[in-house]
Amino acid sequence: MSAARGARTSRRLWLGVVSASALSLASSIGLGQSFDSTPPPNGVLSIDAFAEPDGRDLPEPDLRIDRFGARLTVFHQTGRGYQSQADVDASGRGSEFVFIANPVIYTHLTQRDGITHDVYLPIDILTSASTDALDVVSTASRDNESFTLDGTTTIPDGDDSRFLVHWGAHVEEELKAGMGGLGVSLDFADDNAQLVLMADAVVDIFDPVQYNGVDLGLTERVTMSINGTFSQLLSETTTLSLGLGLTGQIGTIQTPWNSVPLAGGGGRSADLFPPSRLRSAASIRLAQAIPQSRTFLQAGYRFYADDYGAIAHSVEGMVTQYLSDDFWIRGSYRYHTQGAPFFFMTEFPRTAWVRTYRTADSDLAALDLHEISAGLRYFYDRQGQASDRSGYVELGYSYYGRSNSLEIHMGTLGFQTAFW
Amino acid sequence: MLALRAAAMASALLLLVGLDACVVVPRYARGIVSDPAMQPADGLYARTIRKLRGAREGAAGGDGVAAGGGCGCGQ
């Protein structure tokens, strides 16, 4: 163990500037301890700045970067839906074309006092972001970018429990969001079982720009979630995970620029959802390793229901096969079927009351879908038994096809490296 | 009613797990289950897929993470 750490000494990254930020974070949650925020000599990110020439182990840093990863995923989506006004065809459905590039970076940081931070920074770059919306009136949102900072701070509390603090923000055209949450993670039975409970809140503040370009001013949507995940080792080669979640929403829940064609043609009416929504889901996932053939199997099921009357079932399976110590191939399949909410319609009667709930959003329609994925991963820094600390490069492709014509082709390229 | 149904389902699943909870795998024998192949995806790809499904299926939550946040459409 000591030799392995010594070998990695020259690869450690020291981040003095971030240390100061982490000190502020730790203090702000009332758990700050003695902390040396003095930046390294050059004041910025440096590599090998503190490496000892004789290779001795270094003292624990105030904050270290354990792992860093990045991934680029691109989406090419086509399809047609009644909510879209773009390039409407004879059936009355408009184009849902969109191209999205989604780079994400990730880092896992550890403070000297054992507090860790998992930080994600995803960026969405969309072209034709609102083909079913604003661009019919204006090209102002032809290109759209969004940024998210999403972090979880883990605070140890003894050997078998830890507190979790979820924090983050999201910014994109017409929308700002803040998120926060608290949770606890408990280990049982000599760490053979783990229970994670989280309560989260997300506040979205956005301009409800209508299908005809009318801006009604700021509005908001508040989402509260309670989630629990229970994981259990069933044997040396088998794990089981259970998930249960409740999500409540209040405020402007509909996508404001979506609309429903009026019956008989010649006009549209903006989507209108009930002012609240309660959703629940339960999931189960089983993973089985077959050491003799170096094969790993996973199977899962998920049930979803909400108070709009929509019920969904999802089943999925995955096979991962090591072809050598450093290389695996993976394939997966997922089937999802869902019902529509009680107010889904493809045309809005002209005689209906104006406050009648309505949507023609194809995402909420009754549908079936198939999701097929394949991927390759090469471990370039396995360091013995592969673990979440192993460095790798991964390439993948996924097909996502719905019964109501929407299709998405996804390509992804990612890597992870460990410094500690 | 919805919450009761979900709670009943969770209780049944926990009971099922409880039947096997007496199995204790010693730490030295957990090498295989810590292999990343036992996980459905790394954190980066998992959140990307979760965002996609939450947006295109309007059915997020219940997988241990918060739902909502950002437009995503189909919320």
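Every chain's residues receive numbers from 1 upward, in the order its sequence appears when written. Each chain is given a letter, starting from A, and each ligand a number, starting from 1, according to the order in which they appear as written. Local features are withheld for residues below a pLDDT of 70 in this predicted model, meaning they are given only at 70 or higher, and side-chain atom pairs are given and counted only at 80 or more; totals for whole chains, interfaces and linings count all residues.

## Considering the overall build of chain B
Each helix is a run of DSSP H or I of at least 4 residues and each strand a run of E of at least 2, with the numbering of both proceeding from the N terminus. Scanning chain B from terminus to terminus reveals two helices and zero strands. Buried, partly exposed and exposed are defined by the number of other C-beta atoms within 10 Å of a residue's own C-beta, namely 20 or more, between the two limits, and 12 or fewer respectively, with C-beta atoms placed from the backbone. Here chain B, with 75 residues, has 48% of them falling under the buried criterion.

## Considering the overall build of chain A
Counting its regular elements, chain A contains two helices and 22 strands. Expressed as a percentage of the 420 residues in chain A, the buried residues total 39%.

## Some details on the pairing of strand 7 (residues 116-127) of chain A
Residue and element names in this part refer to chain A. Relative to strand 7, strand 6 (residues 98-111) runs antiparallel, the two sharing ten bridges. Opposite V104, over in strand 7, you have P122 as the bridge partner. By the convention used here, strands pair only if DSSP detects at least 2 bridges between them. Hairpin geometry of strand 6 and strand 7 is characterised by an intervening segment of four residues between the two adjacent antiparallel strands and by a positive phi of about 95 degrees at G114.

## Topic: the nonpolar core
Definition of nonpolar core: a set of buried Ala, Val, Leu, Ile, Met, Phe, Trp, Tyr and Cys residues joined via C-beta atoms within 7 Å. F230, L242, L244, A281, A282, Y304, A305, Y308, A310 and A312 of chain A together with A59 of chain B form the largest nonpolar core, which has eleven residues in total. Residue assignment for this core shows that the elements contributing at least two residues are strand 13 (238-251), strand 16 (276-290) and strand 17 (295-306) of chain A.

## Thoughts on the interface of chain B and chain A
Opposite the 48 residues of chain B that make contact, chain A presents 81 residues. Put simply, the parts of the chain that give the side of chain B that touches chain A at least two residues each are helix 1 (2-18) and helix 2 (43-57) of chain B. For the side of chain B that touches chain A, the leading source of residues is helix 1 of chain B, giving nine residues. Across the side of chain B that touches chain A, the residue classes break down as 27 nonpolar, 13 polar and eight charged. Two residues qualify as a contact pair if the distance between their C-beta atoms, derived from the backbone, is within 7 Å. Residue classes follow a fixed rule: Ala, Val, Leu, Ile, Met, Phe, Trp, Tyr, Cys and Pro count as nonpolar, while Asp, Glu, Lys and Arg count as charged, and any other residue, Gly among them, counts as polar.

## Remarks on helix 2 of chain B
The span one expects for a helix is its residue count, reduced by one, times 1.5 Å. The terminal C-alpha atoms of helix 2 of chain B lie 21 Å apart, and with 15 residues this matches the ideal 21 Å at 1.5 Å per residue to within 8%. By the criterion of burial, helix 2 of chain B is predominantly enclosed, with eleven of the 15 residues buried. For helix 2 of chain B, the complete set of buried residues consists of L44, Y45, R47, T48, I49, K51, L52, R53, G54, R56 and E57 of chain B. Tucked inside the fold, the buried residues of helix 2 of chain B contact strand 3 (63-78), strand 6, strand 7, strand 19 (327-338) and strand 22 (407-418) of chain A. G58 of chain B occupies a position one or two residues after helix 2 of chain B and carries a positive phi of about 55 degrees.

## With respect to unusual backbone geometry
Residues and elements named next belong to chain A. Non-glycine residue A189 carries a positive phi angle of around 50 degrees. Topologically, A189 is positioned in the loop between strand 10 (175-188) and strand 11 (193-206). In this structure, R294 is a non-glycine residue whose phi angle is positive, near 55 degrees. Mapped onto the elements of the fold, R294 is located in the loop between strand 16 and strand 17.

## Some remarks on the confidence of the model for chain A
All names here are of chain A. A residue's pLDDT is the predictor's confidence in that residue, given on a scale from 0 to 100. Chain-level pLDDT for chain A is 83 on average; 82% of the residues reach the 70-or-more range. In this model residues 1-52 is a low-confidence stretch, pLDDT under 50, and it forms 62 contacts with partners more than four residues away in sequence or in other chains. Counted against residues more than four places away or in other chains, residues 131-140, with its pLDDT under 50, gives 32 contacts.

## Topic: the environment of F344 of chain A
All names here are of chain A. Here F344 is to be found in the loop between strand 19 and strand 20 (367-381). Classification of F344 as buried rests on a count of 21 C-beta atoms within 10 Å. Spatially, the C-alpha atom of F344 lies 42 Å from that of R377, the residues being 33 residues apart in sequence. Discounting residues that sit within four places of it in the chain, F344 has contacts with T359, L364 and A365.

## Here's the deal with the pairing of strand 21 (residues 391-402) of chain A
Residue and element names in this part refer to chain A. Where burial is concerned, the two faces of strand 21 differ: the one with Y392, E394, G396, S398, Y400 and R402 is buried and the one with G391, V393, L395, Y397, Y399 and G401 is not. Of the pairings in the sheet, the one linking strand 20 to strand 21 comprises twelve bridges and is antiparallel in character. Considered in strand 21, the bridge of I372 is made with Y399. Two elements, strand 21 and strand 22, share ten bridges in a ladder whose sense is antiparallel. From the neighbouring strand, G401 faces strand 22, where its bridge partner is E407.

## Details of the environment of L272 of chain A
All names here are of chain A. Mapped onto the fold, L272 is located in the loop between strand 15 (268-270) and strand 16. A sequence separation of 19 residues divides L272 from I253, and the C-alpha atoms of the two residues are 8.4 Å apart. Setting aside residues no more than four positions away along its own chain, L272 makes contact with Q254, R355, Y357 and R358.

## Section: the confidence of the model for chain B
Summary statistics for chain B give a mean pLDDT of 70 and a share of 49% for residues scoring 70 or more. Of the two predicted TM-score estimates for the complex, the pTM is 0.82 and the ipTM is 0.79.

## Details of the environment of R277 of chain A
All names here are of chain A. Within the secondary structure, R277 is located in strand 16. Look at R277 and you get buried, because 22 C-beta atoms sit within 10 Å. Separated by 29 residues in the primary sequence, R277 and G248 place their C-alpha atoms 5.7 Å from one another. Ignoring any residue separated from it by four or fewer positions in sequence, one finds R277 in contact with Q249, I253, D306, D307 and Y308.

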